Amino acid sequence: MNVRYILLVLIQLTWIPATAGAQTSRPNLEGMWSDPPSTAVGTFCFFACTDAGIERLNALLDDPANDARPFRELQAEAKKVEGDYIRARLSAAALKTYPLDPAEDPGFLRCEPWGLARQMLAPHQIEIRQRGADRIELRYGEWDARRTIYIDGRNRPANQSRSLLGYSVGRWDGEALVVETSDIAENIAFAPDLSLMQHSNQLRVIERYTRSKDGKTLLLTATMEDPQTFREPVVIKKIWLWAPQQKIAPYKDCRRPTEFSRGVKPQ
Amino acid sequence: MKLLRAWLFVMPVLVLSAARGSSHHAFSPVYDEKRTIMVVGVVTQFRFVNPHAMMFMDVTDPSGKVVKWAVEFAGRLNLSNVGWTADSIKSGERVTVTGNPSRTGSQRLFFRKLVRADGTELLPGDAQRLNSVEEERRQRALQRNQQR
C-alpha cells in the first residue's frame, strides 16, 4: 500500500474528529437577547453585577429576618458590597473623581453615544449575528450601537486609532466566545452599582459570552484592565434572556436636557 | 365648573416609588425620586420613541388656566417589553398620572403610574418585574420553612 495514502488516512482519522468535536462544542449564540429573567438575581444584574454582590443578595434572601423587607431594600444593600468592590480596585487618581456627577455625563448632556465600558452593559437588546466567516456583529438596542468582532485570528492593526467601542478580536474557548478589545478612547464606565467612573485610553476589556445549558440565558463576564484607573482587574457580570420575538426600534429621539441640577447624589 | 376643576389638579401623593427609573440616562439630576405627585389632565400627544417615550398633556389649574405638562417615561425598548405600543395612550384621553416631579419645579414628571378614565391602569415594566421577584421570594421562604 502506498505510504503516502496511509499517512493521509491517518491524518484524516486524527484531524476530522478533532475538528468536528470543536464545532459541536461551540454553542450558537446568534439571535436576539434582551432584559434578564424576572428573578431576583436577574433583576439584580439588570445592568451589571459582581459575584460578591450576588453572594450578598442570596445571603439576604436566605435570611428569614429579611422576608418582610422590600426587594429594593435588599438589592440596595447588596449593591453597597459592589460599591465597596469597585472602590477597593480604583487607583488613587481614579478615586479623586469617583463617582462622577451624572449631570456631567456627555451621554446625558449632549446625547453622545456610550463607550465600550458602558455599551457592553447596556440594558435591553443585544443581537448577535455571524457575518461571513471572519466576523461577528453585536447590535444593541441602546443607542442602536454596532460592534464588529473579528474572529479570523487577525492581530490588531498597527497604528489603530482609538475609538468609542475600540477594536475587537474574538475566539472560541470551548463553549465561550471570548472577545478582547483595545484601542478604546478615554470615556466613562458603569460600576455595577450604576455609579459612573472615568477610564483612560489604556482600558482593555476581555468579554466572555456563554449560553446557559437550557439555552435560555446569555451570560457575560467582562474583565476590565486599565493601569491608570484600576489597581487590579475588575470583573463584572451581566445576564440577558433569549428574546427572538423582539426587534430593535429606531433610536433617534435623544434630546439634550433643558433643566437639571448638578451635584445630586443618585438615590 | 366646580366639578371640572375638581379633576384637573396637581397634588402631592404619599406613595414611595418602587423602582429607580431610567437612571442610565441620568435620572437623578432631573427628577426627585423621593417625592411623588399626581397630575390630572387631557393627553395631547404620546411619543413612543427611544431613548425615552414622552407624553404631553393639558392640565387645568384651580384658577382655570390650562398648563402644559410633560411626562417622561422609560424608553420604548423598556415599555415594549411589557406590551406597550404607540397606541397605549391616545390623544384626547383624560388620564391621572403619578410620577416623580422635576427638581426645578417645572411642569414635568417622570412616569410611575397612569390611570385612565375607565379605571384601567398602565404601569412601568419594572413594576411587573418586581411582582415576579416578590413571588419568587415567597416561594423561596416557603421552601425554606418546609425544609426545617
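Residues numbered from 1 in each chain as written. Chains lettered and ligands numbered in written order. Predicted model: local features only at pLDDT ≥ 70, side-chain atom pairs only at ≥ 80, totals over all residues. Heavy atoms only, no water.

Student: I keep staring at the overall build of chain A and nothing clicks. Help me out?
Tutor: From N to C terminus, chain A includes seven helices and 11 strands. Residues counted as buried form 48% of the 267 residues belonging to chain A. The long-range fraction of contacts in chain A, counting pairs at least 24 apart against all pairs at least 6 apart in sequence, stands at 57%. Counting only carbon and sulfur atoms, one obtains 52% of the accessible surface of chain A, whose full area is about 13200 Å². (Helix = DSSP H or I, 4+ residues; strand = E, 2+ residues; numbered from the N terminus. Buried < 20%, exposed > 50% of the residue type's maximum accessible area, 1.4 Å probe, protein only. Contact = heavy atoms within 4.5 Å. Areas by Shrake-Rupley, 256 points an atom, 1.4 Å probe, with all protein chains shown as cover.)

Student: Which parts of the structure should I look at to understand the nonpolar core?
Tutor: Buried together is how nonpolar side chains tend to be arranged in soluble globular proteins. Ile126(A), Met197(A), Tyr209(A) and Met224(A) are the most contacted members of the largest nonpolar core, which totals 50 residues. Per-element tally for this core: the top contributor is strand 10 (residues 217–225) of chain A, with four residues. Ignoring any residue separated from it by four or fewer positions in sequence, one finds Met197(A) in contact with Ile86(A), Leu90(A), Tyr98(A), Leu100(A), Asn187(A), Ile188(A), Ala189(A), Phe190(A), Ala191(A), Met224(A) and Phe230(A). Listed in part, the 22 residues of the second largest apolar core include Met57(B), Trp69(B), Val95(B) and Val97(B). (Core = buried A, V, L, I, M, F, W, Y, C linked by side-chain atoms within 4.5 Å.)

Student: Whenever I open this one, the state of the cysteines confuses me. Can you help?
Tutor: Note on terminology: a disulfide is the covalent bond linking the sulfur atoms of two cysteines. Residue and element names in this part refer to chain A. For the structure shown, the criterion picks out two disulfides over all chains. Across the disulfide from cysteine 45 sits cysteine 49; the S-S distance is 2.1 Å. Taking the sign of the torsion about the S-S bond as the criterion, the disulfide between cysteine 45 and cysteine 49, at about 95°, is right-handed. The exposure classification of cysteine 45 matches that of cysteine 49, with both residues buried. The disulfide bridge from cysteine 111 ends at cysteine 254, spanning 2.1 Å between sulfur atoms. Disulfide cysteine 111-cysteine 254: the torsion about the S-S bond is -85°, which places it as left-handed. In this pair, cysteine 111 sits in the loop between helix 6 (106–109) and helix 7 (116–119) while cysteine 254 sits in the segment after strand 11 (234–242), placing the two residues 143 residues apart along the sequence. In this structure cysteine 111 comes out as buried when scored by relative accessible area, which is 16%. Numbered in order of appearance, the disulfide-bonded cysteines of chain A are paired 1-2, 3-4. (Disulfide = S-S within 2.5 Å.)

Student: Looking at this structure, how should I read the packing of helix 3 (residues 51–62) of chain A against helix 3 (residues 125–147) of chain B?
Tutor: Between two packed helices, both the angle of their axes relative to each other and the distance between the axes serve to describe the pair. Contact pair helix 3 of chain A / helix 3 of chain B: the axes reach a minimum separation of 10 Å and the direction vectors enclose 60°. Facing helix 3 of chain A, whose interface residues are Asn58(A), Leu61(A) and Asp62(A), helix 3 of chain B presents Arg137(B), Arg140(B) and Arg144(B). By residue class, the composition of the contact of helix 3 of chain A with helix 3 of chain B is one nonpolar, one polar and four charged. (Axes fitted to C-alpha atoms, helices over the stretch in contact; angles between N-to-C directions. Nonpolar A, V, L, I, M, F, W, Y, C, P; charged D, E, K, R; others polar.)

Student: Just checking my understanding: could you explain the interface of chain B and chain A for this structure?
Tutor: Interfaces are often sized by the amount of accessible area the parts lose when they come together. Contacts between the two partners involve 38 residues from chain B, matched on the other side by 49 residues from chain A. Buried surface at the junction of chain B and chain A, summed over both partners, amounts to about 3600 Å²; 49% is from carbon and sulfur atoms. Viewed at the interface, chain A and chain B are joined by three salt bridges. Arg144(B) is the partner of Asp67(A) in a salt bridge, and the nearest nitrogen-oxygen pair spans 2.9 Å. If one sorts the elements of the side of chain B that touches chain A by residue count, helix 3 of chain B sits on top with 11 residues. For the side of chain B that touches chain A, the per-class residue count stands at 11 nonpolar, 11 polar and 16 charged. (Buried area = accessible area lost by both parts, 1.4 Å probe. Salt bridge = Lys/Arg side-chain N within 4 Å of Asp/Glu carboxyl O.)

Student: Where do I start with the layout of surface pockets in this structure?
Tutor: Empty pockets left among the atoms are what a rolling probe the size of a water molecule brings to light. For the second largest pocket, the calculated volume is near 510 Å³. Listed by contribution, the elements that provide at least two residues to the lining of the second largest pocket are helix 6 of chain A together with strand 3 (54–60) and strand 6 (108–116) of chain B. Of the residues belonging to the lining of the second largest pocket, the class tally is 16 nonpolar, six polar and eight charged. (1 Å grid on protein atoms, 1.4 Å probe; cavity = no way out; pocket = protein on both sides within 12 Å on 5 of 7 lines; lining within 4 Å. Points joined across faces, edges and corners; volume = space filled by probe spheres on them.)

Student: Explanation requested: unusual backbone geometry in the structure shown.
Tutor: Of note, the bond from Tyr98(A) into Pro99(A) is cis; its omega dihedral lies within 30 degrees of zero at -10°. Residue placement: Pro99(A) occurs in the loop between helix 5 (92–97) and helix 6. With an omega dihedral of 5°, the bond running from Asn50(B) to Pro51(B) counts as a cis peptide bond. Mapped onto the elements, Pro51(B) comes out in the loop between strand 2 (36–47) and strand 3.

Student: Explanation requested: the environment of Arg156(A) in the structure shown.
Tutor: All names here are of chain A. Considering the arrangement of structural elements, one finds arginine 156 in the loop between strand 4 (146–150) and strand 5 (167–173). Along the backbone, arginine 156 and valine 169 are 13 residues apart, and their C-alpha atoms lie at a distance of 7.5 Å. Filtering out sequence-adjacent residues up to four positions away, arginine 156 remains in contact with Tyr167, Ser182 and Asp183. Among the polar contacts made by the side chain of arginine 156, one reaches the side chain of aspartate 183 at a distance of 2.4 Å. (Polar contact = N/O pair within 3.5 Å; in protein donor to acceptor, adjacent residues only side chain to side chain.)

Student: Help me understand helix 3 of chain B in this model?
Tutor: Along an α-helix, a turn takes 3.6 residues, which lines up residues three or four apart on a common side. Over its 23 residues, helix 3 of chain B extends 34 Å from the first C-alpha to the last, a length consistent with the 33 Å expected when each residue adds 1.5 Å. Turning to helix 3 of chain B, its buried residues number three or more, namely Gly125(B), Asp126(B), Arg129(B), Leu130(B), Val133(B), Arg137(B), Ala141(B) and Arg144(B). Buried residues along helix 3 of chain B sit in contact with helix 2 (40–44), helix 3 and helix 4 (71–89) of chain A together with helix 2 (76–80) and strand 6 of chain B. (Expected span 1.5 Å × (residues − 1).)

Student: Sorry if this is basic, but what is going on with the sheet that holds strand 1 (residues 31–34) of chain A here?
Tutor: What holds strands together in a sheet is hydrogen bonding between their backbones, with the strands either parallel or antiparallel. Residues and elements named next belong to chain A. Ordered in space as 1-2-3-4-5-6-9-10-11, the nine strands form a closed barrel in which the pairing is mixed. Put simply, the sheet's adjacent strands are angled 30° from each other on average, direction ignored. Bridge analysis of strand 1 against strand 2 (residues 126–131) gives three bridges, and the strand direction is antiparallel. Paired with methionine 32 across the bridge in strand 2 is glutamate 127. (Pairing = 2+ DSSP bridges.)

Student: Sorry if this is basic, but what is going on with the pattern of salt bridges here?
Tutor: When their charged atoms lie close together, side chains carrying opposite charge are able to pair. Residues and elements named next belong to chain A. Summed over the entire model, instances satisfying the criterion amount to 36 salt bridges over all chains. A salt bridge links glutamate 112 to arginine 110; the nearest nitrogen and oxygen atoms lie 2.8 Å apart. Relative accessible area serves as the criterion here: at 33%, glutamate 112 is assigned to the partly exposed category. Salt bridges sharing partners connect three or more residues here, namely Glu127, Arg129, Arg131, Glu137, Arg139, Asp144 and Arg146.

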